[in-house]
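Structural description and commentary
These are the residues of each chain, in order.
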Amino acid sequence: MIRFSQSQQRKQIFAESKLKLSVAVLFFLLANFSLHSQIITQTIKGVVIDKQSQTPLPGVVVQVMNSNPLMGTSTNEKGEFKITNVPIGRWQLKFQAISYKEKYITTILNAGKEAVHNIELEESVIQGQEVVVIAEQDKTKNNNKMSTVSSRVFSAEEAARYAGSRNDPARMAANFAGVSGANDSRNDIIIRGNSPLGVLWRLNGLDIPNPNHFGNAGSTGGPVSILNNNTLDNSDFMTGAFAADYGNATAGVFDLRMRQGNNEKFEFLTQVGFNGFEVAAEGPLNKKKNASFLLDYRYSTLSVFKALNIDFGTGDAVPQYQDITFKTDFNTEKAGKISVWGIGGLSYVALLESDKKEGQDLYGYSSRDTYFRSNVGAGGISHTYLLKNNAYLKTNIGASGSYNYISADRIDTSFKTPKNLKPEYRQETQTIRYTFNTTYNKKFNSRDFLNAGVYSDFYNTFFVDSTDDVFGYNTFITLRDYKGSTGLLRGFVQWQHKFTDNFLINIGVSDQHFLLNGSNAVEPRLGLKYSLNSKQSISLGGGMHSQLQPIYIYFASETDSAGKRTETNKSLDFTRAVHGVLAYDNNFAQNFRIKTELYYQYIYNAPVKNYPGYFSALNLGADFNSPNVTNLVSEGTGQNYGLEITLEKFYSRGYYFLFTGSLFESKYTGSDKVERNTAFNGNYVTNLLAGKEFKIGQKHVISLDIRGTYAGGKRYTPIDIPASIAAKNEIIDASKAYSLQYPEYFRLDVKPGYRFNTRKVTHEFSVDIQNVTRHLNVFQQAYDIKNETIKTDYQLKFFVIPQYRLLF
């Protein structure tokens, strides 16, 4: 298990020192206000296109609302617009065109960066007149045209704004209804009681591996995200009953987009914070050819401090990581739009129990020295080509990969070796995926839209691990040792029909085929939405969804007395799920929204043991291992059901708030036919977020954001102490699997901030103070081999994250 290490006393002292320093710096900045100077202005620009056909829209009227005098322009023949000399601050933009639904967005203008927006307008069924949609917000509409329920668009600004989010999209999404992220050390998210392994990550049209530092094989989370908030555009997050173009997922989808670099002006960024020391640049590659680039690099903050011999009380257990993000865009008149992009990250940590000082908590394995290395990367080329008659073809080709190495040495005073160490476990794994997909999109008219495509993923993978629990001479036992290739093929088609502007249907089907064993899954999808009036709507979504097992599961093996290894899981089917969702949405006042969703999920063909037992693959992802579980068959079942509510005020008049609540049950049945709680059945989650900005003159903005989370504790299986003492290792009481629950989780975060604009530069300073009440949230109970007792590890007790960002 790989998590950040802590020292209970020394780290608390350091956190308090950081807080005092941060407050002092903040007051110093405030004390040096300059409230009288000339007005600072900036530029708003972008492109407006048709949402279905992706063709540019000329003649769209763009207005800066509440500006005096009223500022605005209209788009040219390429759909481009540009408004100069707009005073910095937060503005609402209005986009208006004949036969299209009116749209409003909010933009933040800083002195150090132009505001660039890519706007999609939806054509109305009612033709020849302007259609007014009161205060339509991006959050109520999705980038994906076929999403009907359980989906939400989010901005990079939200991930940066929310207290406790650490500029991380996954941690930000943990605040949404139906999502549980009650884990301070990692950003794994639990959606409606499903395992985090059921989440699909998609970036720029390509499915990618776990985009996190220190992510284990087959996992979807980690302590630090590789995804860079400064490079993301508005993106979609889905929690169930998703459209037919998403496959190989049963829990949820992150459909992320990287933004385009500024194609007219060079801009730069530097940032220091939790995610590291960061530098970024963007600008035009060729102004005449409308080409741009975006480049960002980060290096671990703690690694820098370690190099400077600054000790945080963690010894060698300092997480070391670095990552890079880039994207180039070429907009041509004849060849279409071409984008080349990539992300990559390297990470390493050593959790050395042998060097642990008194008072330190490394949160590694008891009485072991553990070394962990993780590398991940993805890249691709995207091509969008506009065809005749309101159609376009979008093609993606790319590659992604992940690599992990784990080394664990056992500490025992009976070992007559240096530091009483002997090798216990070794693991090396790598997966390279080559991907190709192409989709055809056709807008027949204002009522009908067709979307169809094919996806192919080809995997080259190896997995080698071995263990020694005898600690003799040459007694290592190979657990898994495979190297091979396989692939997943998928096709889909979906159609949207609008009976009226108030009633639409999305219908589609997806088919997946796994080359390793010939498993096939046909998945129909359906979505209906009926608008009662301009403010209220009812939606219904349902469908079948399926997902491959983590690749290492298929190659798990056991060894007989003759030393012959047999891979027992190769014939496993997809895990399959049926989703049903009923939603009600009410924008009861301008910038206010309430939404409720009632859902049910039935899961079947989940891997369980071929003999009576409690194991089910539906609980994988509850810890940080890649277990060698053999003799599995696709006969397990499960069910998730619950009720969710969201009450939200979108940002306006200087403040916002968001309340989400979820009540749910998550059950599974193993091969022993006993229904149990899943490892993720916390039963309830509530979140409350709020923020306020105080504008002082034109240059200065003070902000305050708060976040509170109250959730059910994690399910766990008790430890059998007598058996653990006898085995000199942790042994659980399997007869009580997931029957117990840790105490409720509570955390309150506060994030004050300050933004200061000069003529061409923006300074941003914030202090994210996490768990201000110092509430003790249980992380886990583990068996202490040395003391033969159960020890309780706690999550963050008090953590301060200062951040400084410079835009110019």
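For the structure, check the block above.
Residues numbered from 1 in each chain as written. Predicted model: local features only at pLDDT ≥ 70, side-chain atom pairs only at ≥ 80, totals over all residues. Heavy atoms only, no water.

**So, the overall build of the protein**
On a plain count of helices and strands, the protein comes out with six helices and 47 strands. Radius of gyration (C-alpha) of the protein: 27 Å, near the 28 Å computed for a compact globule of 808 residues. With the principal axes as the frame, the protein shows a C-alpha extent of 80 × 60 × 45 Å. The buried share among the 808 residues of the protein stands at 59%. (Helix = DSSP H or I, 4+ residues; strand = E, 2+ residues; numbered from the N terminus. Rg over C-alpha atoms; globule rule 2.2 N^0.38 Å. Buried < 20%, exposed > 50% of the residue type's maximum accessible area, 1.4 Å probe, protein only.)

**Describing the packing of aromatic side chains**
Per the counting criterion, the structure on display carries 25 aromatic pairs. Here F463 and Y482 contribute two aromatic rings whose centre-to-centre distance is 5.9 Å and whose plane-to-plane angle is 25°, an arrangement assigned as stacked. Taken together, the positions of F463 in strand 27 (residues 448-467) and Y482 in strand 28 (residues 477-500) put the pair 19 residues apart, joining distant regions of the chain. For Y482, a relative accessible area of 5% corresponds to the buried category. (Phe/Tyr/Trp six-rings, centres within 6.5 Å; stacked < 30°, edge-to-face > 60°.)

**Examining unusual backbone geometry**
The linkage connecting N68 with the following residue, P69, adopts the cis geometry, with an omega of 0°. Along the chain, P69 falls in the loop between strand 3 (61-64) and strand 4 (71-74). Located in the positive-phi region is R166, a residue other than glycine, with phi close to 55°.

**Structural notes on the sheet that holds strand 7 (residues 103-109)**
The strands that make up a sheet pair up through hydrogen bonds in the backbone, lying either parallel or antiparallel. As summarised here, the arrangement of the four strands in space is 4-3-6-7, forming an open sheet in which the pairing is antiparallel. Looking at the sheet topology across the chains shown, the edges are occupied by strand 4 and strand 7. Between one strand axis and the next, the sheet turns by 20° as a mean value, whatever way the strands run. Relative to strand 4, strand 3 is paired through four bridges, and the arrangement is antiparallel. For V61, the partnering residue across the bridge sits in strand 4 and is S74. (Pairing = 2+ DSSP bridges. Axes fitted to C-alpha atoms, helices over the stretch in contact; angles between N-to-C directions.)

**A word on the nonpolar core**
Ranked by size, the top nonpolar core spans 31 residues in total, and within it F176, I189, W201, L203, F237 and F254 carry the most contacts. For this core, the secondary structure elements donating two or more residues are helix 2 (156-161), helix 3 (169-173), strand 12 (199-203), strand 17 (252-256), strand 22 (337-352) and strand 37 (655-669). Contacts of W201, omitting those with residues within four sequence positions, involve A170, L206, D207, I208, P211, T220, L227, F254 and L256. Counting 23 residues, the second-largest nonpolar core is a separate cluster that includes I44, L57, A97 and L109. (Core = buried A, V, L, I, M, F, W, Y, C linked by side-chain atoms within 4.5 Å. Contact = heavy atoms within 4.5 Å.)

**Things to note about the environment of R805**
Note on placement: R805 falls in strand 47 (residues 799-807). Overall, the relative accessible area of 17% leaves R805 in the buried class. For the pair R805 and Q322, spaced 483 residues apart in the sequence, the C-alpha separation amounts to 18 Å. Residues in contact with R805, not counting those within four places in the same chain, are N230, L269, T270, Q271, T762, H763 and E764. Here the side chain of R805 touches N230 through a polar contact of 2.7 Å, side chain to side chain. (Polar contact = N/O pair within 3.5 Å; in protein donor to acceptor, adjacent residues only side chain to side chain.)

**Considering the side chain of N143**
Locating N143 in the fold gives a position in the loop between strand 8 (115-121) and strand 9 (151-154). A distance of 2.9 Å separates the side chain of N143 from the backbone oxygen of N234, its partner in a polar contact. Not counting the four nearest positions on each side in its chain, N143 is found in contact with K51, E120, V153, N234, S235, D236 and R257.

**Some thoughts on the side chain of T709**
Mapped onto the fold, T709 is located in strand 40 (residues 700-711). Within the local environment of T709, its side chain forms a polar contact with the side chain of N687, the two groups lying 2.8 Å apart. Of the polar contacts made by the side chain of T709, one reaches the side chain of R707; its length is 3.2 Å. Non-local contacts of T709, meaning those with residues more than four positions away in its chain, are made with T686, N687, Y745, F746 and R747.

**Looking at the sheet that holds strand 13 (residues 206-207)**
Sheet architecture is open: five strands sit in the order 9-16-17-12-13, paired in mixed fashion. The open sheet is flanked by strand 9 and strand 13, the only strands paired with a single partner. As judged from the two bridges shared by strand 12 and strand 13, these two strands associate in the antiparallel manner. Residue pairing in the sheet places R202 in a bridge with D207 of strand 13.

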